[in-house]
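Survey of secondary and tertiary structure
Each chain, letter by letter, is given below.
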Amino acid sequence: MYTRYRADIIYPLRLTFVIWLVFTFQFYSHIDLGFLGIYPRRIDGLVGIITGPLVHGNTQHILSNTLPLLFLGITMFVFYNRIALWVFANCYILTGILVWFFGRPFYHIGASGLIYGLAFFLISFGLFRKDFRSLAISIVVVILYGGLVYGMLPTVSNISWESHAFGASIGIGLAFMYRNTRKLD
């Protein structure tokens, strides 16, 4: 049992490690890696679909993404192991693709699109499934991260509300798609 949980949480831990590795390199080399973000509708901006979530602008940015990424990612992999990797990957990639197509023309960086995808998946999944465990997880995520809803509003010009909104919509869509999945762990 312990081995299974340890194996389950390896994906969010590895991603968080890589994010911190990229940030550490950027910090100590004094090289701004923002150019690796998603730049909408430009061919050279396509690389950002993969690299954008790994790049963070400053210490506050990476700190505000680390704990939610770990908590939501580990929750996803522990409770919904059979679909977790697929949901995780789709929240990562599809959010980036939507930002590339529809985002404002600047570099979109950070893991918040993935975070919104995971959070809204976990919240919506409980509402769609209506089983006790999924509803309990939904309630905990709403209590901890219910304020994420405000991040989808275009209130600050240098924050990618598009990543937040598209991540949330991908998470809700995936929750709806998997709502009838029988065995989840």
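Up top is the structure these notes are about.
So, here's what we can say about the structure.

**Quick notes on empty space enclosed by the protein**
By the definition in use, this model includes 2 cavities of 30 Å³ or more. Put simply, the largest cavity is a space of about 120 Å³. Residue lining of the largest cavity: 16 residues in total, with Ile-38, Pro-53, Gly-110, Gly-113 and Ser-163 positioned closest to the centre. Elements with a contribution of two residues or more to the lining of the largest cavity: α5 (81–102) and α6 (112–129). Sort the elements by how many residues they give to the lining of the largest cavity and α5 lands first, with 4 residues.

**A few points about the side chain of Glu-162**
Structurally, Glu-162 is set in helix α8 (residues 161–178). Residue classification places Glu-162 among the buried positions, given a relative accessible area of 2%. Not counting chain neighbours up to four residues away, the residues in contact with Glu-162 comprise Val-99, Gly-103, Arg-104, His-108 and Gly-167.

**What to know about the layout of surface pockets**
Roughly 630 Å³ of volume is contained in the largest pocket. Along the wall of the largest pocket there are 26 residues; nearest its centre are His-61, Asn-158, Ile-159, Ser-160 and His-164. Taken together, the elements giving at least two residues each to the lining of the largest pocket come down to α4 (59–79), α6 and α8. When residues of the lining of the largest pocket are assigned to their parent elements, the largest contribution, 5 residues, is made by α4. Partitioned by chemical class, the residues of the lining of the largest pocket number 13 nonpolar, 13 polar and no charged.

**As for the packing of α4 against helix α7 (residues 132–145)**
Contact pair α4 / α7: the axes reach a minimum separation of 12 Å and the direction vectors enclose 180 degrees. When the axis of α4 is compared with that of α7, the two are roughly antiparallel. Residues Leu-67, Pro-68, Phe-71, Leu-72, Thr-75 and Phe-79 of α4 lie in contact with α7, whose contacting residues are Arg-133, Ile-137, Val-140, Val-141, Leu-144 and Tyr-145. Looking at the contact of α4 with α7 residue by residue, the class counts come to 10 nonpolar, 1 polar and 1 charged.

Definitions and cut-offs
- Residues numbered from 1 in each chain as written.
- Predicted model: local features only at pLDDT ≥ 70, side-chain atom pairs only at ≥ 80, totals over all residues.
- Heavy atoms only, no water.
- 1 Å grid on protein atoms, 1.4 Å probe; cavity = no way out; pocket = protein on both sides within 12 Å on 5 of 7 lines; lining within 4 Å.
- Points joined across faces, edges and corners; volume = space filled by probe spheres on them.
- Helix = DSSP H or I, 4+ residues; strand = E, 2+ residues; numbered from the N terminus.
- Buried < 20%, exposed > 50% of the residue type's maximum accessible area, 1.4 Å probe, protein only.
- Contact = heavy atoms within 4.5 Å.
- Nonpolar A, V, L, I, M, F, W, Y, C, P; charged D, E, K, R; others polar.
- Axes fitted to C-alpha atoms, helices over the stretch in contact; angles between N-to-C directions.
- Parallel < 35°, antiparallel > 145°, perpendicular 65-115°, else oblique.

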